[in-house]
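One letter stands for each residue in the lines below.
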Amino acid sequence: MKTLIVEDDFIARRKLEELFSPLGECDFATDGDEAVNAFRVAHDGKCPYDLICMDIMMPPLDGSTLLEDIRDIERELGVACAHEVRVIMTTALEDPKNLVDALYRGGAISYLVKPLNRQKLLKEIRRHGLM
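Being a predicted model, the structure only gives us computed values, none of them experimental.

1. Re the pattern of salt bridges
Right, on to step 1. Applying the stated rule across the entire model yields eight salt bridges.
Right, on to step 2. Among the salt bridges present, the one from Asp55 reaches Lys114, with a minimum N-O distance of 3.3 Å. Of the two residues, Asp55 is situated in strand S3 (residues 51–55) and Lys114 in the loop between strand S5 (110–113) and helix H5 (118–127); the sequence distance between them amounts to 59 residues.
Right, on to step 3. Its relative accessible area of 5% is what places Asp55 among the buried residues.
Right, on to step 4. Given a relative accessible area of 24%, Lys114 falls into the partly exposed group.
Right, on to step 5. Here the residues in one salt-bridge network are Glu7, Asp55 and Lys114, joined through shared partners.

Written as structure tokens, this is what we have:
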């Protein structure tokens with residue numbers, strides 16, 4: 001599984017690396033601009049991501065807006081809905097508005113509240129057929 005981790009906090013990024021690296025290749029972005037670049041490069045190289053795990057609250061581009069941008073890029077590239085990258089949104093806040101934005105408007109597959117643990121993450125990944 002090829003994963004892009006988008007997280008602006010260094011410690012949270014390291015924790016996610018520990019959780020995801022045993023599952024396959026991991027790339028990292030510290031903000032939305034880096035994430036968009038990484039996403040485009042992966043598609044241009046014909047090796048797109050299977051999963052993006054992104055924080056919702058990041059400057060300057062929040063996770064919900066980033067997810068909209070990624071979906072726009074997929075439409076530009078002609079990616080069928082069934083082949084869109086799967087996205088897990090993470091946040092430190094249990095906020096219903098963020099949940100609605102992430103899952104229903106943006107098309108994320110999951111919304112997980114930090115701190116994440118291996119068991120919770122693996123359950124979500126398995127539930128969505130990524131392993």
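Back to the text.
2. Some remarks on the state of the cysteines
Right, on to step 1. Across all of its chains, the model carries zero disulfides by this definition.
Right, on to step 2. Left unpaired, Cys26 is separated from the closest cysteine sulfur, that of Cys53, by 9.6 Å.
Right, on to step 3. Judged by relative accessible area, Cys26 falls into the buried class, the value being 17%.

3. Regarding the environment of Leu77
Right, on to step 1. Mapped onto the elements of the fold, Leu77 is located in helix H3 (residues 63–77).
Right, on to step 2. Sequence-wise, Leu77 and Ser110 are 33 residues apart; in three dimensions their C-alpha atoms are separated by 24 Å.

4. Description of the UniProt feature "modified residue: 4-aspartylphosphate" (unreviewed entry) in the protein
Right, on to step 1. Sequence positions flagged by UniProt for "modified residue: 4-aspartylphosphate" (unreviewed entry) are, in local numbering, Asp55.
Right, on to step 2. In contact with Asp55, other than residues within four places in its own chain, are Val6, Glu7, Asp8, Gly63, Thr90, Thr91 and Lys114.
Right, on to step 3. At 3.5 Å, the side chain of Asp55 forms a polar contact with the backbone nitrogen of Met57.

5. Focus: the packing of aromatic side chains
Right, on to step 1. According to the stated counting rule, one finds zero aromatic pairs in the structure shown.
Right, on to step 2. Its guanidinium or amino end placed over the ring of Tyr49, Lys2 lies 4.8 Å from that ring's centre, counting from NZ or CZ.

6. Regarding helix H1 (residues 10–20)
Right, on to step 1. Restricting attention to buried positions, one finds in H1 the residues Ala12, Arg13, Leu16, Leu19 and Phe20. Seen along its axis, H1 keeps its buried residues to an arc of 120°; they face one direction. Exposed positions of H1 whose direction lies more than 90 degrees from the buried face are Ile11 and Glu18.
Right, on to step 2. Near the N-terminus of H1, the side chain that reaches the backbone nitrogen of Ile11, with its oxygen 3.3 Å away, is that of Asp9.

7. Re unusual backbone geometry
Right, on to step 1. Of the consecutive residues Pro59 and Pro60, the connecting peptide bond is found in the cis state with omega at -15°.
Right, on to step 2. The peptide bond linking Lys114 to Pro115 adopts the cis configuration, its omega dihedral lying at 0°.
Right, on to step 3. Residue placement: Pro115 occurs in the loop between S5 and H5.
Right, on to step 4. Its identity is not glycine, yet Lys46 carries a phi of approximately 60°, on the positive side.
Right, on to step 5. Positionally, Lys46 belongs in the loop between helix H2 (32–44) and S3.
Right, on to step 6. On the accessibility criterion, Lys46 (72% relative accessible area) is exposed.

Rules and cut-offs
Residues numbered from 1 in each chain as written. Predicted model: local features only at pLDDT ≥ 70, side-chain atom pairs only at ≥ 80, totals over all residues. Heavy atoms only, no water. Salt bridge = Lys/Arg side-chain N within 4 Å of Asp/Glu carboxyl O. Helix = DSSP H or I, 4+ residues; strand = E, 2+ residues; numbered from the N terminus. Buried < 20%, exposed > 50% of the residue type's maximum accessible area, 1.4 Å probe, protein only. Disulfide = S-S within 2.5 Å. UniProt positions renumbered as here; feature names shortened; annotations may be inferred. Contact = heavy atoms within 4.5 Å. Polar contact = N/O pair within 3.5 Å; in protein donor to acceptor, adjacent residues only side chain to side chain. Phe/Tyr/Trp six-rings, centres within 6.5 Å; stacked < 30°, edge-to-face > 60°. Lys NZ or Arg CZ within 6 Å of the ring centre and 35° of its normal. Arc of directions from axis to C-beta.

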